[in-house]
Amino acid sequence: MAKEFKGKLFVFSAPSGSGKTTIVRHLLTQEKFGLAFSISATSRAPRGEEINGLDYYFISREEFIKKIKNDEFLEWEEVYRDNFYGTLKSEVERIWSQGKHVIFDIDVAGGLRIKKKFPKETLAVFVKPPSVDELKIRLKKRKTESEDKINMRIAKASVELATAPQFDKIIKNYELDIALKEAEELVGNFIDLEK
Ligand code: 5GP
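Residues numbered from 1 in each chain as written. Predicted model: local features only at pLDDT ≥ 70, side-chain atom pairs only at ≥ 80, totals over all residues. Heavy atoms only, no water.

Participant: Got a minute to help me understand the pairing of strand β6 (residues 83–88) in this structure?
Facilitator: Residues in a regular strand project their side chains so that they alternate between the two faces of the sheet. Buried residues dominate β6, accounting for 6 of its 6 residues. Across the two faces of β6 the burial is the same, with Asn 83, Tyr 85 and Thr 87 and Phe 84, Gly 86 and Leu 88 all buried. By the bridge criterion, 2 bridges tie strand β3 (residues 40–42) to β6 in an arrangement that is antiparallel. When the bridges of β6 are listed, Thr 42 appears paired with Tyr 85. Two strands pair when backbone bridges link them, and strand β5 (residues 73–80) and β6 are joined in this way by 6 bridges, in the antiparallel orientation. (Buried < 20%, exposed > 50% of the residue type's maximum accessible area, 1.4 Å probe, protein only. Helix = DSSP H or I, 4+ residues; strand = E, 2+ residues; numbered from the N terminus. Pairing = 2+ DSSP bridges.)

What follows is the structure, encoded as structure tokens:
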């Protein structure tokens, strides 16, 4: 890891469709925080307008497995069957070497693993949706996944919701504006603790 500057790690985890990506994107627009997005590697295919090297590093399943064997990941998960996702060690190094704090949009298991590896540096935030029914509505509205994929995400959501108490903080994303303000406050306070 980078020697000169050891920044903070902000993990935002939640079931798919909870709005965590919207929250993370909002925080990234707040220059005062000096955050940079941890671009994950994934073996899933790009969706919609996603760009390689910006949203994800899209790599093949074979390449992904090679990187696991080479111990290149800080954490990785087979989030959905045959769809691997992981945080490369080099990604955190890249961001810290720029003097920035890292923000992650990753699944619950990955988020908790980062917290375990860097307990002091990490603020782990769970973004809670109003209900599983509401999640389904949001995923359907997104129109990026098939019915099957939506059902797979919903099934995982119930398991993920049970892990919320293991996180440092929970944001209830019932009203987006309020959730965004809460997220700003949490990040601001955690950075201030450094000083
Ligand atoms: P999506 O396919 O919707 O982009 O992501 C599916 C899930 O994988 C989301 O919950 C997302 O946060 C999670 N995810 C994305 N990147 C990573 C990662 O690097 N590690 C882990 N553990 N999960 C990730």
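Participant: Teacher, can you tell me more about the sheet that holds β3 here?
Facilitator: Through backbone hydrogen bonds, the strands of a sheet pair up, either in parallel or in antiparallel fashion. The mixed open sheet is built from 4 strands, whose spatial order is β4-β3-β6-β5. This sheet does not close on itself; its edge strands, each paired only once, are β4 (56–58) and β5. Here the average twist between neighbouring strands, direction ignored, is 25 degrees. Where helix α4 (residues 108–117) meets the sheet, its contacts fall on β5 and β6, and the angle it forms with β5 comes to roughly 160 degrees. (Axes fitted to C-alpha atoms, helices over the stretch in contact; angles between N-to-C directions. Contact = heavy atoms within 4.5 Å.)

Participant: What is the right way to read the layout of surface pockets from this model?
Facilitator: It is the rolling of a water-molecule-sized probe over the atoms that shows where space remains empty. Its boundaries defined by the atoms lining it, the largest pocket holds a volume of some 1200 Å³. What lines the largest pocket is a set of 42 residues, among which Thr 21, Arg 25, Arg 47, Tyr 56 and Asp 105 lie closest to the centre. For the lining of the largest pocket, the elements supplying multiple residues, two or more each, are α1 (20–29), β2 (35–37), β5, β6, α5 (132–142) and α6 (147–161). With 6 residues, the single largest contributor to the lining of the largest pocket is α1. When grouped by side-chain class, the residues that make up the lining of the largest pocket number 14 nonpolar, 12 polar and 16 charged. (1 Å grid on protein atoms, 1.4 Å probe; cavity = no way out; pocket = protein on both sides within 12 Å on 5 of 7 lines; lining within 4 Å. Points joined across faces, edges and corners; volume = space filled by probe spheres on them. Nonpolar A, V, L, I, M, F, W, Y, C, P; charged D, E, K, R; others polar.)

Participant: Help me understand the site of the ligand in this model?
Facilitator: Of all residues adjacent to the ligand, which total 17 residues, the nearest are Ser 40, Arg 44, Tyr 56, Glu 75 and Tyr 85. With respect to the ligand, the side chain of Arg 44 contributes an N or O atom lying 2.7 Å from an oxygen atom. Within the contact set of the ligand, a nitrogen atom lies 2.7 Å away from a side-chain nitrogen or oxygen of Glu 75. Here the ligand loses 96% of its free accessible area of 510 Å² to cover by the protein chains. In this structure the site holding the ligand corresponds to the largest pocket. Mapped by element, the contributors of at least two residues to the shell around the ligand are β5 and β6. (Near = heavy atom within 4 Å. Polar contact = N/O pair within 3.5 Å; in protein donor to acceptor, adjacent residues only side chain to side chain. Areas by Shrake-Rupley, 256 points an atom, 1.4 Å probe, with all protein chains shown as cover. Sits in = over half its atoms within 2 Å of the grid points.)

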